[in-house]
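Descriptive structure summary
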Protein chains: 2
Amino acid sequence: MDEELNVVIREAIPDDAEEILAMSKIIGQETEFLVMDEKGMGLDVEDLAYQLAALYDSPNNILLVAVLDAAIIATASVRADSSRRIGHIGEVGISVLQEYWGIGLGTMMLEELIHWAEAGGVIRRLELTVQCRNERAVSLYKKFGFATEGTLARGARSDGGEFLDVYLMSRMID
Amino acid sequence: MDEELNVVIREAIPDDAEEILAMSKIIGQETEFLVMDEKGMGLDVEDLAYQLAALYDSPNNILLVAVLDAAIIATASVRADSSRRIGHIGEVGISVLQEYWGIGLGTMMLEELIHWAEAGGVIRRLELTVQCRNERAVSLYKKFGFATEGTLARGARSDGGEFLDVYLMSRMID
């Protein structure tokens, strides 16, 4: 299916800013599983382009995009702080346009992120939070060796105002 | 003891920026318990003054300073995201100059933060991470009703390069 679709996964560059912002607004509306809501990333194109350049050069940050027919349909990132004391901790985030759920994009991108972390030697812990009800995502992370370290009470809120439990999951990188 | 010292606890204003930066650099050197290292906050005075003005106006963010003889000797904060989905989650951070450890400043400031959160009605979950070895801080948080939700393997790294366990603690606000 991936080959049929001709999806290319590559690192984001500053020129992707406009496409990424457009995608983030759609995704923020489509799913309640993410922190980001319909306002999207809350950035303008110039700010994001500037951030993408910095990410591209960073040894412990990465943003991947999945591109289909020149459109970005998914992103996957590892974000880490510049501090020496926590610079080895990378937070994983994956967003896929709803139309492309269930075709293995999450699997492909997470695999890439883990390879990148293992090759870099800077990131030694990957972590993420995921709503407990997001079973598809929880299974994906478990498949790639993430373990649940705790459950956050009121870790998120649905658009209806209901508090939701959230898992904190992590995977060591050695 | 607090009265002898004449410590005033109040909300930070933009004019405090220079003092806060000076304090943050000392604290980053003094203690390995914080994420912030000897580089301090990595901001200039103007940027921080601008952020302090925004914090002052925010319904779900606060920064308290403890002032002794016109010098800032401790800070305590609750930081929250603007997103609707996690805007009810406040991250607690407390920093006290080493010279003033053990005289109850942490207790006074944490009490203030909890009162502020309860009065505001926006924050419904307070959370924090704390190195497991920082027993003084862990006791303080427990005394104020924080419970451990999980232990983060490699949640921090000492200046010697050793990985440290970190607790994720939280307290609901109702």
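Residues numbered from 1 in each chain as written. Chains lettered and ligands numbered in written order. Predicted model: local features only at pLDDT ≥ 70, side-chain atom pairs only at ≥ 80, totals over all residues. Heavy atoms only, no water.

**Looking at the packing of helix 4 (residues 105-120) of chain B against helix 5 (residues 135-143) of chain B**
All names here are of chain B.
- For the pair helix 4 and helix 5, interaxial distance at closest approach is 11 Å and the crossing angle is 40°. In terms of orientation, helix 4 lies oblique with respect to helix 5. Where helix 4 crosses over helix 5, the two elements pack in a sense that is right-handed. Judged by residue contacts, Gly106, Thr107 and Leu110 of helix 4 engage Leu140, Tyr141 and Lys143 from helix 5. (Axes fitted to C-alpha atoms, helices over the stretch in contact; angles between N-to-C directions. Helix = DSSP H or I, 4+ residues; strand = E, 2+ residues; numbered from the N terminus. Parallel < 35°, antiparallel > 145°, perpendicular 65-115°, else oblique. Left-handed = near helix turned anticlockwise from the far one by under 90°. Contact = heavy atoms within 4.5 Å.)

**Digging into the relation of the copies chain B and chain A**
- Overlay of chain B on chain A (RMSD 0.0 Å): rotation 180°, translation along the axis 0.0 Å. Interpreted geometrically, this transformation is the action of a two-fold axis. For chain B, the minimum C-alpha distance to the rotation axis belongs to B:Gly150 and amounts to 2.2 Å.
- Take the interface residues of chain B: 100% of them recur as interface residues in chain A, which is what a same-surface contact looks like. (Least-squares fit on C-alpha atoms with pLDDT ≥ 70 in both.)

**With respect to the environment of A:Asp81**
Residues and elements named next belong to chain A.
- The residue Asp81 is located in the loop between strand 3 (71-79) and strand 4 (89-96) in this model.
- On the basis of relative accessible area, Asp81 is assigned to the partly exposed category, the value being 36%.
- C-alpha separation for the pair Asp81 and Asn60, spaced 21 residues apart in sequence, amounts to 8.1 Å.
- Setting aside anything within four residues of it in sequence, one finds Asp81 in contact with Asn60, Ile86 and Gly87. (Buried < 20%, exposed > 50% of the residue type's maximum accessible area, 1.4 Å probe, protein only.)

**As for the interface of chain B and chain A**
- Chain B puts 32 residues into the contact, and the matching count from chain A is 32 residues.
- Regarding the contact of chain B and chain A, the summed buried area is about 2800 Å², with carbon and sulfur atoms giving 44% of it.
- Taken together, the links from chain B to chain A amount to 6 salt bridges.
- Here A:Arg154 makes a salt bridge to B:Asp174, at a shortest N to O gap of 2.7 Å.
- Remark: the boundary between chain B and chain A carries 20 residue pairs in polar contact (both at pLDDT 80 or more).
- Counting residues per element, the ones that place at least two in the side of chain B that touches chain A are strand 5 (125-131), strand 6 (147-157) and strand 7 (163-172) of chain B.
- At 9 residues, strand 6 of chain B tops the list of elements feeding residues into the side of chain B that touches chain A. (Buried area = accessible area lost by both parts, 1.4 Å probe. Salt bridge = Lys/Arg side-chain N within 4 Å of Asp/Glu carboxyl O. Polar contact = N/O pair within 3.5 Å; in protein donor to acceptor, adjacent residues only side chain to side chain.)

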